[in-house]
Structure formats: C-alpha cells, structure tokens
Amino acid sequence: MSTITELIHSIPVDPQTGAIAVPIYQTSTFVQEAPGVNKGYDYARSNNPTRAAVEKIIAQLEGGAAASAFSSGLAAIDAVVKLLKSGDEIVAVDDIYGGAFRLFHKVYEKFGIKVTYVDTADTQAVFNAITPATRLIWLETPTNPTLKISDIEAIGKIAKAHNALFCVDNTFASPVLQQPLLLGADLVIHSATKYLGGHSDLIAGVVIAKTPQLGEEIKFYQNACGAILSPFDSFLLIRGIETLHLRIRQHGANAQAIAEYLEQHPAVEKVYYPGLPSHPNHELAKRQSKGFGGIVSFTLKDDSAAAATAFVTSTHYFKLAESLGGIKSLLCHPAEMTHKSIPAEKRRAAGVSDSLIRLSVGLEETADLLADLEQAFKKLPQPVSEENALPA
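The following refers to the structure shown. (Residues numbered from 1 in each chain as written. Predicted model: local features only at pLDDT ≥ 70, side-chain atom pairs only at ≥ 80, totals over all residues. Heavy atoms only, no water.)

**Structural notes on the overall build of the chain**
What counts here: The way it works is that DSSP assigns letters per residue, a run of H or I at least four long becomes a helix, a run of E at least two long becomes a strand, and they are numbered from the N terminus. Each radius of gyration reported is based on C-alpha atoms, and the globular scaling rule is 2.2 Å times the count of residues to the power 0.38. Two residues form a contact once any of their heavy atoms are found within 4.5 Å. Per-residue and other accessible areas follow the Shrake-Rupley method at a 1.4 Å probe size, with only the shown protein chains counted as cover for residues. When charges are counted, Lys and Arg are positive and Asp and Glu negative, with His and the chain ends excluded. Just so you know, the charge point we use is NZ for Lys, CZ for Arg, CG for Asp and CD for Glu.
Along its length, the chain carries 14 helices and 12 strands. The globule rule puts the C-alpha radius of gyration for 392 residues at 21 Å, and the 22 Å found for the chain is close to it. Based on the C-alpha atoms only, the size of the chain along its principal axes is roughly 90 × 50 × 35 Å. When contacts within the chain are restricted to residue pairs at least 6 apart in sequence, those whose partners lie at least 24 apart make up 72%. Put simply, the chain shows about 17,300 Å² of open surface, and 56% of that area lies on carbon and sulfur atoms. Here the chain holds 34 positive side-chain charges and 41 negative ones, and the gap between their average locations is 4 Å.

**Some thoughts on the sheet that holds strand S7 (residues 205-209)**
This is how it is decided: Any two strands between which DSSP finds at least two bridges are classified as paired. To get an axis, a line is fitted to the C-alpha atoms, and for a helix only the part in contact is used. The angle between two axes follows their N-to-C directions and goes from 0 to 180 degrees.
With respect to topology, 7 strands assemble into an open sheet ordered S1-S7-S6-S5-S4-S2-S3, the strand pairing being mixed. Both outer strands of the open sheet, strand S1 (66-70) and strand S3 (114-118), are each paired with one neighbouring strand and no more. Taking each pair of neighbouring strands and ignoring which way they run, the sheet shows an average axis angle of 20°. Two strands pair when backbone bridges link them, and strand S6 (residues 187-191) and S7 are joined in this way by 5 bridges, in the antiparallel orientation. Counterpart to Leu187 in the pairing with S7 is Ala209.

**Some details on the packing of helix H2 (residues 49-62) against helix H9 (residues 231-241)**
To be explicit about the condition: Crossings are sorted by hand: turned counterclockwise from the far helix by less than a right angle, the near helix makes the crossing left-handed, and turned clockwise it makes it right-handed. Note on residue categories: nonpolar means Ala, Val, Leu, Ile, Met, Phe, Trp, Tyr, Cys or Pro, charged means Asp, Glu, Lys or Arg, and polar means any other residue, Gly included.
Taken N-terminus to C-terminus, the directions of H2 and H9 make an angle of 35°; their axes are 8 Å apart at the nearest point. As for how H2 packs across H9, the hand of that crossing is left-handed. Residue-level inspection shows Thr50, Arg51, Ala53, Val54, Ile57, Ile58 and Leu61 of H2 in contact with H9, the latter providing Pro231, Ser234, Phe235, Leu237, Ile238 and Ile241. Tallied by class, residues from the contact of H2 with H9 come to 10 nonpolar, 2 polar and 1 charged.

**A word on the nonpolar core**
Operational definition: Only buried residues count toward a nonpolar core, which is a set of Ala, Val, Leu, Ile, Met, Phe, Trp, Tyr and Cys residues joined through side-chain atoms within 4.5 Å. Partly exposed describes any residue whose relative accessible area lies between the buried limit of under 20% and the exposed limit of over 50%, with all areas from a 1.4 Å probe on protein chains only and scaled to the type maximum. Note that the domain bounds were set by an automatic or database domain assignment.
Formed by 50 residues in total, the largest nonpolar core has its most connected members in Ile58, Ile137, Phe166, Leu237 and Ile241. Counting residues per element, this core draws most heavily on H2, at 6 residues. Counting the residues that make up this core, at least three belong to each of domain 1 (3-240) and domain 2 (245-378). Not counting the four nearest positions on each side in its chain, Phe166 is found in contact with Leu136, Ile137, Leu139, Ile152, Ile155, Gly156, Ala159, Gly184, Ala185, Asp186 and Leu187. Of all hydrophobic cores here, the second largest spans 30 residues; its members include Val80, Val93, Phe104 and Cys167.

**Points about H2**
So the rule is basically this: By this rule the span expected of a helix is its residue count minus one, scaled by 1.5 Å. Any pair of nitrogen or oxygen atoms within 3.5 Å is treated as a polar contact; in protein, a donor-acceptor pairing is required on top of that, and neighbouring residues in sequence qualify only through side-chain atoms on both sides.
Compared with an ideal rise of 1.5 Å per residue, which puts 14 residues at 20 Å, H2 spans 20 Å between its outermost C-alpha atoms and is within 8% of the ideal. The element H2 is extensively covered by neighbouring structure, given that 11 of its 14 residues are classed as buried. Within H2 the residues assigned to the buried category are Pro49, Thr50, Arg51, Ala53, Val54, Glu55, Ile57, Ile58, Ala59, Leu61 and Glu62. Sitting at the amino-terminal end of H2 is Asn48, which places a side-chain oxygen 2.8 Å from the backbone nitrogen of Thr50. Positive phi appears at Gly63, one or two residues downstream of H2, with a value of about 75°.

**Here's the deal with the packing of aromatic side chains**
We apply this condition: Aromatic rings from Phe, Tyr and Trp, taking only the six-membered ring of Trp, are treated as a pair when their centres fall within 6.5 Å; an angle between ring planes under 30 degrees marks them as stacked, one over 60 as edge-to-face, and anything in between as tilted.
Evaluated as defined, the whole model comprises 11 aromatic pairs. Here the aromatic rings of Tyr273 and Phe292 are separated by 6.4 Å at their centres, their planes lie at 70°, and the arrangement is edge-to-face. Of this pair, Tyr273 sits in the loop between strand S8 (268-272) and helix H11 (282-288) while Phe292 sits in the loop between H11 and strand S9 (295-300), placing them 19 residues apart in sequence. Taking the relative accessible area as the measure of exposure, Tyr273 reaches 1% and is therefore buried. Looking at Phe292, the relative accessible area reads 23%, which means it is partly exposed. Among the aromatic residues, those joined into a cluster by ring pairs are Tyr261, Phe298, Phe311 and Phe377.

**Details of the sheet that holds S8**
Sheet architecture is open: 5 strands sit in the order S8-S9-S12-S11-S10, paired in mixed fashion. Edge positions in the open sheet fall to S8 and strand S10 (319-320), since each of these has one partner strand only. In terms of strand pairing, S8 meets S9 through 4 bridges, oriented antiparallel. In the sheet register, Lys270 faces S9, and the bridge partner there is Thr299.

**So, the side chain of Thr193**
In this fold, Thr193 is placed in the loop between S6 and S7. At a separation of 3.0 Å, a polar atom in the side chain of Thr193 contacts the main-chain amide nitrogen of Ala204. Residues in contact with Thr193, not counting those within four places in the same chain, are Gly198, Leu202, Ile203, Ala204 and Ser323.

**Remarks on the packing of helix H3 (residues 73-81) against helix H4 (residues 98-108)**
The condition is simple: Under this scheme an angle from 65 to 115 degrees is roughly perpendicular, one under 35 degrees roughly parallel, and one over 145 degrees roughly antiparallel; angles in between are oblique.
Where H3 meets H4, the closest approach of the two axes is 10 Å, and the angle between their N-to-C directions is 45°. Regarding the angle of H3 to H4, the classification is oblique. Once H3 is placed against H4, the crossing between them reads as right-handed. Contacts between H3 and H4 involve Leu74, Ile77, Asp78 and Val81 from the former and Gly99, Ala100, Arg102, Leu103, Phe104 and Tyr108 from the latter. Here the residues of the contact of H3 with H4 sort into 7 nonpolar, 1 polar and 2 charged.

Structure (structure tokens):
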C-alpha cells in the first residue's frame, strides 16, 4: 500500500454514525456509567475523541508510538523541555527558530537549564559540545531560515552514546519528506500550524514519541499543564493532513523553480535551498529526505534591512506575513520578524543576515510567482556606480 493510500485510510469512519469525516466532539465533559467507569473519556482536557483521532493519524505518519497535540508549536516545544530538570543541558542548533530561542533563553535558563548553540550541520561540533550534563540534543533540519541540513542518523548515534534525548523539529520537511524517528530520533515536534494544517487557519503543535513510555511522559505534561488542541482545531488539522502529500509535492516543485531563478538573478547574493546542487548539504538532503520542501531563502547584493524591506513590501502574490506552509505564498524578513528576539550579533553569526528574505512558496502557478518576484526586483533602488555618481 502506498503512503498516500495508507494516510487517507488511517482517517477513521465514525463507528456510531458512519460519518466519513471525523466528528467534532465539542464537549467539555463526558457522562460516566458509574464513578470512574466511562467509555474512555472523562474530561476534555485529559482527552477528546477528535483530538485522539488526529494524534493517532500523526503518530502513524511519523512512524511513532504516540503523539500529543498542543495548542501551538511552542506549547509542544515546552512539553519536551519539561522532561528536563535544573542542572541539565541542551545542545541546540544555532540557526534556531526565534520562538524556541526565546523559550530556552528567557524561560528555562532561569530555572537552571543551560543551552549551548552549535552548527549542527557539522556533526563533529555536536559531538564536541556534549558534556556529562547534556540531556537533550535539539535539532531543526532544514533549519529556519537558512535551510542547513544536519545528519539525523549520525547525530542520533551521538545522542544514544551519551544517554541524551534527541528531538527533531520536522516542521519544514513534514513526514512526507523525512521521518526522523526512523533515523534515530526519540522525539519529533511540529508546528502543525504550518504544513500539516496547510491552510493558514489554525495554530497547533504536535509531539511524536518513538516509544510508548516517552509518549506517556509527554501526555502527562499535556494534561498537567493544559495546553491542549481544541476539538475544532483538531478537526481542521485532520482536514489539512488529508491533502498533505499533494500539497508538499507542489510546494516543492514551485520552490525548486524559484530557487533556480533566484540563483541566476543579478540582484541576489546567495540562495538557500537544499534542492540546488550548490547547497553545501545537497547530497545529504538527497540521502535522508524524499524532497527539498517549499521554503527558499535568499540574500541581496545590497545586504541591508532597507533593501529587504523594499523588496518584501513590493510583491503582490507573496504576502508579507509571519508563518509558512500554507497554500498562499508568503514572505518575511526574519531579521525584523521571526528572528527579531535573537540578538543581532548571534543572528548574523548563524547566517541570518540583514537582507535575508524567506519565501514560503505556495500552490499558485509557478509562472505567476516568478513574475511577481521579477517585478519586485525591478522596484529595488539601483546601486549607483562610481562613474555615474554625483560629484561630492
């Protein structure tokens, strides 16, 4: 059976009514037959049939034993970090999502959890950063927004050798393109707001665990801390997942064409896309994933925030907005948006320059998106050559 067929038929038919779509169980509590005797549900924070359905579907997609759905991607990250205690250390990717950096730095460091940031594309750097107190390796691959690729299998072996948990943020790739649990990860997280949902109409996060025991630990924090996904958003997430494979295929096709266009454009300094042979991790990306995704980043020859702002405010089809992974194309200026919470010197050191622009390539016609980018480039101020410069 193909993975697409398997996914579609993993979405259950309602056993009570035969409804082909999973019902929305919009209820806060459930009637019990006797104290402690129920049909598997007692209170909707602890569990809900609609949420349970989406959790089972996503666990199967990632090849995991269990999944827990949260009210946001950051709530999912928070649940994973709660597995640690004061004195523990995290080795984390340096090109990290700004929200994760803020959570690690502003919240958990004050509780005695130390975070060391390294370039995880360099496996030796990960190994060198491990200490006796390391309890978690935190990876994003591809990274946000410079799309570095890290060797999941190799880093998984390092984590196992040092008795550390290994968590991979698989938001950018999605389980259609890569399954980190099958490559050695213990946990996978998603901002399900992005590709899993796919329609820019919900906020959600998911943690998938490799083992039932680890799944139970995450489930405990989901219930104890209460950042659950609502029944309606669970329904929307299932609806989005139904077309995940088709969407990912088109996102990738459009992104590849746009990356190739940008690479030859005279106003572009550098293009970040693992589908390009010029990407330093291209061969690794080909080996560990089935495609290259729908995110393309690039920097301008005029490496200034002003030039980036001029560009991102000149497009028509690419809408200037936070987030990514929806059917409509989006773009953003990470230095002033998604990564603003990261200090400028740390951001630049991780490769997020002042002019870097991130594209979330949608499902529009490729030619229309290319034309939109071309007209935006034409609106950029032209650099003044020395021979045409006005006299001082």
